[in-house]
Amino acid sequence: QVQLMPSGGGLVVQAGGSLRLSCLASGTISSVNNMGWYRQAPGQQRESVANISSSGITSYDDSVKGRFTISRDHADNTVSLQVNALKPEDTGVYYCHADGLMHGISPFVSWGRGTQVTVSS
């Protein structure tokens, strides 16, 4: 099994502030392809905010470009999201995500527990 453990959330941050979210993948992992972060704003559906591939290609939602930076540590199977210049509309539950292979050939998709980020105005 592949499990994702987030850290760094559960915070209330003033608008304009910063925080760093991290997520560790563990388990019977052969390789990790994509790792990313999703968020679910109050009353909204979950949406992707940032993704990074195994080759380092990054993708961001337009709402966070220039403010959020995603990175990964391949050795530790960790993905991090540096979040700067926070806005109240960034408030939501953030979820880490990963996909790849288990046991050599078996694909996996794994989600971490949601972690709350609240941005006050």
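Here, every reference points to the structure presented above.
Residues numbered from 1 in each chain as written. Predicted model: local features only at pLDDT ≥ 70, side-chain atom pairs only at ≥ 80, totals over all residues. Heavy atoms only, no water.

### With respect to the pattern of salt bridges
Pairs may arise between side chains of opposite charge once their charged atoms sit close together. Overall, the coordinates contain 3 salt bridges when judged by the stated rule. Here K65 ties to D62 by a salt bridge, and the two come within 3.1 Å at their closest N and O atoms. You'll find K65 and D62 in the same group, each marked exposed. A salt bridge links D90 to R67; its shortest N-O distance comes to 2.7 Å. With D90 in the loop between strand 8 (78–83) and strand 9 (92–102) and R67 in the loop between strand 6 (58–60) and strand 7 (68–73), the pair connects residues that are 23 residues apart, well separated along the chain. For the pair D90 and R67, a shared accessibility class is recorded, and that class is buried. Among the charged side chains, a salt-bridge network with shared partners connects R39, R67 and D90. (Salt bridge = Lys/Arg side-chain N within 4 Å of Asp/Glu carboxyl O. Buried < 20%, exposed > 50% of the residue type's maximum accessible area, 1.4 Å probe, protein only. Helix = DSSP H or I, 4+ residues; strand = E, 2+ residues; numbered from the N terminus.)

### A few points about the environment of E47
As for its placement among the helices and strands, E47 is situated in strand 5 (residues 47–52). Contacts of E47, omitting those with residues within four sequence positions, involve Y38 and R39. (Contact = heavy atoms within 4.5 Å.)

### Observations concerning the sheet that holds strand 3 (residues 19–27)
One key point about sheets: their strands pair by backbone hydrogen bonds, in either a parallel or an antiparallel sense. Pairing within the open sheet is antiparallel, and its 4 strands lie in the order 1-3-8-7. Each edge of the sheet is formed by a strand with only one pairing partner; in this case those strands are strand 1 (2–7) and strand 7. Neighbour-to-neighbour, the strand axes of this sheet turn through a mean angle of 15 degrees, independent of strand direction. One ladder, built from 6 bridges, connects strand 1 with strand 3; its direction is antiparallel. Opposite P6, over in strand 3, you have C23 as the bridge partner. (Pairing = 2+ DSSP bridges. Axes fitted to C-alpha atoms, helices over the stretch in contact; angles between N-to-C directions.)

### Quick word on the state of the cysteines
Here a disulfide denotes a covalent bond joining the sulfur atom of one cysteine to the sulfur atom of another. One pass over the full model with this rule turns up 1 disulfide. Two residues, C23 and C96, share a disulfide whose sulfurs are 2.0 Å apart. With the S-S dihedral at roughly 40 degrees, the linkage between C23 and C96 falls on the right-handed side. Of the two residues, C23 sits in strand 3 while C96 sits in strand 9, which places them 73 residues apart along the sequence. (Disulfide = S-S within 2.5 Å.)

### Some points on the packing of aromatic side chains
Scanning the entire structure with this criterion turns up 1 aromatic pair. Ring centres 4.7 Å apart and planes at 65 degrees place the aromatic pair Y38 and W111 in the edge-to-face group. Placement of the pair is Y38 in strand 4 (residues 29–40) and W111 in strand 10 (residues 106–111), with a sequence separation of 73 residues. Judged by relative accessible area, Y38 falls into the partly exposed class, the value being 23%. Overall, the relative accessible area of 36% leaves W111 in the partly exposed class. Between R46 and the ring centre of Y95, over which it is positioned, the NZ or CZ distance is 3.7 Å. The ring of W111 has R46 lying over it, and the distance from NZ or CZ to the ring centre is 4.7 Å. (Phe/Tyr/Trp six-rings, centres within 6.5 Å; stacked < 30°, edge-to-face > 60°. Lys NZ or Arg CZ within 6 Å of the ring centre and 35° of its normal.)

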